[in-house]
Amino acid sequence: MRPRSVRHQPASNDGWVDVVQETSLLTILIFLPALGALGILFAPREMARVIALLTCGVTFVLSLWLIPPFLGAGDPSAAMDIFGSAYGDKLHFLQRIPWIQGERFSIEYFVGLDGLNMPLVVLTTFVTLLACVASWNFHTWKINKSSKAYFILFLMLETGMVGVFVSLDFFLFYIFWEMMLLPMYFLIGVWGGPRKEYAAIKFFLFTLAGSVLMLVALVAMFFYSADAVAERPDLALSYWTGEVLTTGTFDIIELSTNQAIQTKFNDGGTMFLGLRFATTMFMFLFVGFAVKLPSFPVHTWLPDAHVEAPTPVSMILAGVLLKMGGYGFLRLCYPIFPAGGYWWSAFLAALGLVSIIYGALCAMAQTDFKRLVAYSSISHMGYVLLGISVMSQTGFQGAMFQMIAHGISSPMCFFLVGVVYERAHHREINRFGGLWLTMPKYGTMATIGFFASLGLPGLCGFIGEIWVLLGVFEARDRFEWAVPVAIMAAAAVILTAGYVLWLIQRVYLGKEKPEHAGFPEATGREMSILVPLAVLCILFGILPKHLLFDYVNGTLNQIVGTMQDVLAMY
Amino acid sequence: MDDAAIKTWSILVIMGPLIGAILAGVFGPTVLKGKTHFVVIAGVALSVFGAIMLFLQVSGSHGDASTTVVLYEWIPSGAPSWFNVEFRVDALTTIMLLVVTFISLLVVIYSRDYMRDHGEPAKGYERFFAYLGLFVFSMVTLVLGGNFLLLYLGWEAVGLCSYLLIGFYYDRPSAAAAAKKAFLVNRIGDFGFGLGIFLIYLTVGSLDYNTVFERISAGVASGEIETSRVTAIALLLFCGAVGKSAQFPLYVWLPDAMEGPSPVSALIHAATMVTAGVYMISRCGAIFVESQTAMTIVASVGAFTALFAATMALVQHDMKRILAYSTISQLGYMFLGLGVFAANAAVFHLYTHAFFKALLFLGAGSVMHSMGNIIDLRKFGGLKRVMPWTYATMLIGCLALSGFPLFAGFWSKDEIIHAAFNKSHFLGWIGLITALMTAFYTFRMFFRAFHGVTKIPDGVHAHESGKWMIAPLVILSLGALFAGYAGVHISGGAFLGIFEPHGALHHFLDPVLTPFSHAPHVEMVAATHWQLYGLMYTSSALAILGIVIAYGMYVDSPMLPKVIAQMFPNAHDVLYNKYYVDEACNAWIVEPLRKSGRLCFAIDKYVIDGIVWIVTAIPRGLALLLRQLQQGSLQGYGASMVIGTAIIMLVVSFLSEP
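Novice: Describe the overall build of chain B, naming the residues involved and giving the relevant values.
Specialist: Helix and strand content of chain B: 26 helices and six strands. Along the longest, intermediate and shortest principal axes, the C-alpha atoms of chain B span 120 × 70 × 60 Å. Here chain B holds 658 residues, and the buried ones make up 58% of them. Long-range contacts, defined here as pairs at least 24 residues apart, represent 79% of the contacts in chain B between residues at least 6 apart. In the form shown here, chain B has an accessible surface area of approximately 25300 Å², with 70% of it arising from carbon and sulfur atoms. Positive and negative side-chain charges in chain B, numbering 37 and 37 respectively, have mean positions lying 11 Å apart.

Novice: Describe the domain arrangement of chain B, with residues and values.
Specialist: All names here are of chain B. Domain annotation for chain B reports domain 1 (1–146), domain 2 (291–571) and domain 3 (582–656). Its C-alpha centre places domain 1 at a distance of 28 Å from the equivalent point of domain 2. Opposite the 23 residues of domain 1 that make contact, domain 2 presents 23 residues. Here domain 1 packs against domain 2, burying approximately 2000 Å² in sum over the two surfaces, 85% of which is carbon and sulfur. The tally of links between domain 1 and domain 2 comes to zero salt bridges. The interface formed by domain 1 and domain 2 includes four residue pairs in polar contact (both at pLDDT 80 or more). Those elements that provide at least two residues to the side of domain 1 that touches domain 2 are helix 2 (36–60) and helix 3 (91–114). Considering every element that reaches the side of domain 1 that touches domain 2, the biggest residue donor is helix 3, with 15 residues. Among the residues forming the side of domain 1 that touches domain 2, the class breakdown is 16 nonpolar, three polar and four charged.

Novice: Mind laying out the side chain of Thr300(A), listing which residues take part and the relevant values?
Specialist: Assignment of secondary structure puts Thr300(A) in the loop between helix 10 (277–292) and helix 11 (301–308). For Thr300(A), a relative accessible area of 2% puts it in the buried group. For Thr300(A), the residues in contact, after removing those within four places along its chain, are Lys202(A), Phe206(A), Asp604(B), Ile608(B), Asp609(B) and Val612(B).

Novice: Can you tell me about a nonpolar patch on the surface, naming the residues and giving the values?
Specialist: Residues and elements named next belong to chain B. A cluster of nonpolar side chains, Ile11, Met15, Ile19, Ile22, Leu23, Val26, Phe27, Val31 and Leu71, forms an exposed patch at the surface whose accessible area comes to about 730 Å². Of the residues forming the nonpolar patch, the biggest block, eight residues, is contributed by helix 1 (residues 3–32). Note on placement: Val31 falls in helix 1.

Novice: Could you give me a rundown of the pairing of strand 4 (residues 106–113) of chain A, with the residues and numbers involved?
Specialist: All names here are of chain A. Within strand 4, seven of the eight residues are buried, which leaves the element mostly enclosed by the surrounding structure. Judged from the seven bridges that link them, strand 3 (residues 92–101) and strand 4 form a sheet pairing that is antiparallel. Of the residues in strand 4, the one forming a bridge with Ile100 is Ile107. Between strand 3 and the antiparallel strand that follows it, strand 4, lie four residues.

Novice: Outline the nonpolar core, listing residues and values.
Specialist: Ranked by size, the top nonpolar core spans 430 residues in total, and within it Phe369(A), Phe450(A), Tyr508(A), Phe148(B), Leu237(B) and Ile287(B) carry the most contacts. Setting aside residues up to four positions removed in sequence, Phe450(A) forms contacts with Phe369(A), Val373(A), Cys413(A), Leu416(A), Val500(A), Leu503(A), Ile504(A) and Tyr508(A). One finds Ala299(B), Ala303(B), Ile416(B) and Ala435(B) within the second-largest nonpolar core, a separate group that totals 18 residues.

Scoring rules and cut-offs
- Residues numbered from 1 in each chain as written.
- Chains lettered and ligands numbered in written order.
- Predicted model: local features only at pLDDT ≥ 70, side-chain atom pairs only at ≥ 80, totals over all residues.
- Heavy atoms only, no water.
- Helix = DSSP H or I, 4+ residues; strand = E, 2+ residues; numbered from the N terminus.
- Buried < 20%, exposed > 50% of the residue type's maximum accessible area, 1.4 Å probe, protein only.
- Contact = heavy atoms within 4.5 Å.
- Areas by Shrake-Rupley, 256 points an atom, 1.4 Å probe, with all protein chains shown as cover.
- Lys, Arg positive; Asp, Glu negative; His and termini not counted.
- Charge placed at Lys NZ, Arg CZ, Asp CG, Glu CD.
- Domains from an automatic or database assignment.
- Buried area = accessible area lost by both parts, 1.4 Å probe.
- Salt bridge = Lys/Arg side-chain N within 4 Å of Asp/Glu carboxyl O.
- Polar contact = N/O pair within 3.5 Å; in protein donor to acceptor, adjacent residues only side chain to side chain.
- Nonpolar A, V, L, I, M, F, W, Y, C, P; charged D, E, K, R; others polar.
- Patch = residues over 30% accessible without salt bridge, like charges linked within 9 Å, V, L, I, M, F, W, Y side chains within 5 Å.
- Pairing = 2+ DSSP bridges.
- Core = buried A, V, L, I, M, F, W, Y, C linked by side-chain atoms within 4.5 Å.

Here is the structure:
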């Protein structure tokens, strides 16, 4: 247990102070689900879902403890100012333990929370809890095999997801990133629909292809950082110890704030296999995250995975896993390689725009209910990429909000699909009709969910979209493509309204079909999933500042500020 | 003005209907059931009370043109400033609030009986009232909002309520389709509207009304903001108005919106929501008057729509559709008024129109209720004796709509036509011709429904409506009779020796609408005495002429219309089929979009996944090749080992040579 007590320089620059902060809350959050999984292993089969639900519930409640330190984020005295020079001046719940130590390297178990990952962690535990409730009727599923294995994998997935979001050591991040892949693969591949093997292997291959490039980047970044601190020891003051760094590092905050490393990484003269280091590494990392986002053209795994995955897995996939792409951009790509991001900006904006329009057009052509929602996810996540690509405060804030908003509305939409699928055992949009008459409560929830996804003002989807668009417009001085791109992206809201309304018309409105007339109304369990999501859809639309912007803007603005400092040098 | 009082009453105006809606939504299905209307009536009544108090506050203050009160911070905009949830209260706001809340109250009361079959609450009774409450809440938000973001929020929220209420009978496929169409067409307009708001933000760095108007006026005066930029902003905002207020070419949703229940047509699609565009342009006068181009376009679109919609109304048989086209046409008048810098006339017409058009729709609803949901004029007629109250109130409404002298519509419409003549004789004549058509189609509908031989569809028990429905009709008909006098002076004027345009309402609105009257580009054509007052006599004569023609064609010699239709079959078909605009939209916009959707999906399936297949085929192919080497015979392995070793040695020897 090395640095319990650390020295660092606060923002005020008036000297070194000692700060002690170490807590195991994040570690508990990561490994509690794994512990639950272990418990299921030894428990009788009937107890599996009970243990899983308890674990998810406790994890969610514990994750709520992460919020208070961020509550007074606007008030400087309330949050302890730990990392003055680092962008995460509000890093909380740190835990840092040396893990794999070598002579020239040190891989650490390093977790912490700032405005960027805190909302995502809470979202993860929340969506997982709801997905667990959605798995409660496991015994009635068509593929009702081995509930123990299902819930063990389910909890392992949660461990991986929380781990990815809280890791501040790149190596640790990578491990959790890969760890998450396996449970997902099996959850789709074993408990999925008719083409589950195809979908699972497609998901696995796409993600793995991205991970390989990320691994190359991981190693390259370590060695280049070692070079960097050796070349410019005068700039290599560590934010953590306040002393000069002597070795390369995997510490994400160090990589994105250490001046020596930033100088080396973003310098036009630094080459990697004959290509500019910053742009190449940026792209290596980007591909891995773009697959997860997913962005055109590496998106085709998503519709297949969703169509085959069981409902709760779809909820997690859409609600949490897709956010890892956006999170990766914001945590790794941009802070570490701002020069790379700038170089690629037009390309990334184009990808975002194509995803938005292409996803919407594809959604319009679908006859499978779930595939339609999957394509709408691609379209919505395109806004995240577009917002990030302009590298401005507004753009980043919009992208972040869009991620959380989509993290609320898309699990809801997927669950809405799941509810009818359980009754009808098919998802043909054109065979449905008049479901609102049959199931009025469910119909009301569906209206809220799909209108949130449509981006109706007053619901969560609107704020993210409009913020992204505003960010792109604002960037018109730096990028000449900004205005036309923003106008085209704004026009896509008409397409979105088109496919969502057409869907509602075909599924929920119209005459009651005799084949669906006997459908029971949404049960109490189903409503207990839909109602909280619906309430959040509304609350995030009405109180965006109080529910999200207050927590995240500090961190995001600092990332943008640091990035612009670096860009100003090159 | 007292800020605290303004805040209190504003909150009352907004929260009354919202709480009513929530109570209706939550407790309606379980507790309140058939009594659900009470909570919403109470909520809207509170809103009316709040609106009156606000009106008193504003009218009691002299010179203090507007007040803005901030409720809370909403969304961050850059570092320290936030978009606030704030209300702006001034003369325009209070007039709009009075109209909106008052008509809403009457409509909610009316719905108590309308939404019942034989005294029993119809299916969805609670839902209906919850939606109505939600609509009133959204509409007052739109009107009260103190910045463009709240305006946009209210704008979209009324659109949502309109969607939900048009599709209220969602088991009817036509209603479901109409709801979707309404929302989508509005989205097209809102796309422009949203861009306009963006452009405002990028131009002046704020969305707050006061700041925006000040900075734009100052910026244009000092040359900092080019006129082309202001024109762009104005035209983009106007896009939104074209969608919401059903102007050409985005009017197509409004006739279909008649699929909703009649009270909804009266409230949303005649009296309040569709006038949001007029309100918005009056509110943004400071922006619009800076651009001569934008104003000309507003006036032209308004005039064209007024005429265009009136021609379609001439031949329809569905009573509510006739009224819908007439609404489009009357909204066209309002935009014409705005475009010729007569915003006070436009708002005046908005105000009178709300009374008589709500009256007409509610009257049509009363007929429909009595006829067992049949509204086709070919299937019934001669209801004068069956429904005396409906007949009398409808007569007043029709007279007001036709612009019959001394009724509400006469004063406001005449003022708009007058202002149009001042600007351009062409626009003025369009206004006059439309007025003639209006009188004709209104009374065509009226005579067919109420005069002639009594004809009632089979199996329908025709009856006069109950008192919950008649009372609002009577109150509204009083409005249709007298509301116009708020806008005229009654002593010593030139018209009939008593009346003089520009009354109390205009003076009350003046401080808010100053941009229009002080605009730099207003060039008034010197008006002769005839132009000032002769016009009033001319339009009176045209209104009476229209009524007489309708009488001649539909009461005196009922065969005449058929003969005329046969004489001009093509013209009749084109009008009856609404110029085939819906068909054209479908063929040129909807279908191509669906096709490109299918194309994208095909690309996804075949091109992208094809590439993926090829990429993954490479390792599979390699594996297939290499598998051949593992044939399992010892000689083979031995041979390949020898060959392999030989190759390695060769390579090593080559590499190690100096």
